[in-house]
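Here's the letter readout for the chains.
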Amino acid sequence: MSAEPRINDRIRVPEVRLVGPSGEQVGIVPLAKALELAQEYDLDLVEVAANARPPVCKLMDYGKFKYESAMKAREARKNQAHTVIKEMKLRPKIDPHDYDTKKGHVVRFLKQGDKVKITIMFRGREQSRPELGYRLLQKLAEDVQDLGFVESNPKQDGRNMIMVLGPHKKKTEAMAEARQAQEARKADAKANPGKSQNAAEAEGAVETEAPAEASAEA
């Protein structure tokens, strides 16, 4: 069954409650009169409440209405926030430099409004020292407490120990801030073209040196 409303000559009732193009109430009129008014205004007669008695119809540009509705739906889908869970794997005896690198990725994920699953991987005799993994997870949680919180406490899962961090910032807020920052950069680039070019070159150099895989094992 079509979800499209009936328009113009597809409306099959003797009379309708008519709403004008500006939302004004015209009243109950014969269908023929409503169609005549639609033709005079060069608009469509659209049935907006089929179950009313008599049905409510409105004079409007139906093509424009459909286009605007589609654009609003598209924008809503674009701004829709999807829950994403990132994963970061660490070893219980991780090197301090590697820890800082992994923590940097966790910070970035939380700033983006994403959850982060932290996995401590035990090997060999490390399995008999679960407190090493627990202390490491506690340290990481404390280091990023301004950005996230422990959503799922550390728990043993076979050879691994897992903890989930949730962001303080909602995904929609993070997306909005990212868009604002992007617009600010564009505005700055237009105002200072030379400065923006130097910044882009510097950013490109940093990206070249950045780790290629965020979830690689330590």
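Not measured: the values here are computed from a predicted model.

Procedures and definitions
- Residues numbered from 1 in each chain as written.
- Predicted model: local features only at pLDDT ≥ 70, side-chain atom pairs only at ≥ 80, totals over all residues.
- Heavy atoms only, no water.
- Helix = DSSP H or I, 4+ residues; strand = E, 2+ residues; numbered from the N terminus.
- Buried < 20%, exposed > 50% of the residue type's maximum accessible area, 1.4 Å probe, protein only.
- Contact = heavy atoms within 4.5 Å.
- Pairing = 2+ DSSP bridges.
- Phe/Tyr/Trp six-rings, centres within 6.5 Å; stacked < 30°, edge-to-face > 60°.
- Axes fitted to C-alpha atoms, helices over the stretch in contact; angles between N-to-C directions.
- Expected span 1.5 Å × (residues − 1).
- Core = buried A, V, L, I, M, F, W, Y, C linked by side-chain atoms within 4.5 Å.

1. Observations regarding the overall build of the protein
Broken down by element type, the protein carries 6 helices and 8 strands. Tracing the protein from N to C terminus, the helices and strands come up as β-β-α-β-β-α-β-α-β-α-β-β-α-α. Looking at the protein residue by residue over its 218 residues, the buried ones come to 28%. Counted over contacts in the protein with a minimum sequence separation of 6, partners at least 24 positions apart contribute 59%.

2. So, the pairing of strand S1 (residues 15-19)
Sheet topology note: the S1/strand S2 (residues 25-30) ladder contains 5 bridges and is antiparallel. Bridged to valine 16 within S2 is valine 29. Counting the residues between successive antiparallel strands, the hairpin from S1 to S2 contains 5 residues, one of them, glycine 23, with a positive phi of roughly 90°. Inspection of the sheet shows S1 paired to strand S4 (residues 56-60) by 3 bridges, in the parallel sense. When the bridges of S4 are listed, leucine 18 appears paired with cysteine 57.

3. Considerations on the packing of aromatic side chains
Summed over all chains, the structure comprises 1 aromatic pair. Look at tyrosine 62 and phenylalanine 65: their rings are 6.1 Å apart centre to centre, the planes differ by 25°, and that puts the pair in the stacked class. Residue tyrosine 62 and its partner phenylalanine 65 are both found in helix H2 (residues 62-78); the two are separated by 3 residues, about one turn of the helix. By relative accessible area, which is 41% here, phenylalanine 65 ends up partly exposed.

4. Concerning the sheet that holds S4
Note on sheets: strands pair through backbone hydrogen bonds, and any given pair is parallel or antiparallel. A sheet is described by the order of its strands in space; here 4 strands give the open sequence S2-S1-S4-S3, paired in mixed fashion. Looking at which strands have only one partner, the edges of the open sheet turn out to be S2 and strand S3 (44-49). Neighbour-to-neighbour, the strand axes of the sheet open up by a mean angle of 35°, direction not taken into account. Running over the sheet, helix H1 (residues 31-41) touches S1, S2, S3 and S4 and is turned about 125° from S2.

5. As for unusual backbone geometry
Going from arginine 53 to proline 54, the amide bond is cis rather than trans, its omega being -5°. Relative to the helices and strands, proline 54 is located in the loop between S3 and S4. Even without glycine at this site, asparagine 8 takes up a positive phi of about 50°. In this fold, asparagine 8 is placed in the segment before S1.

6. Some remarks on helix H4 (residues 130-143)
Under the 1.5 Å per step criterion, the end-to-end length of H4 is 20 Å for 14 residues, consistent within 8% with the ideal 20 Å. Structurally, H4 contributes buried residues whose contacts are with strand S5 (85-90), helix H3 (96-111), strand S6 (115-121), strand S7 (148-157) and strand S8 (160-167).

7. Some details on the nonpolar core
Met88, Leu90, Val106, Val116, Ile118, Ile120 and Leu165 are the most contacted members of the largest nonpolar core, which has 19 residues in total. Broken down by secondary-structure element, the contributors of at least two residues to this core are S5, H3, S6, H4 and S8. Setting aside its immediate chain neighbours within four residues, leucine 165 contacts Val106, Leu110, Lys115, Val116, Ile118, Ala141, Val144, Phe149, Val150 and Glu151. Counting 12 residues, the second largest nonpolar core, distinct from the first, contains Leu18, Leu31, Ala34 and Cys57.

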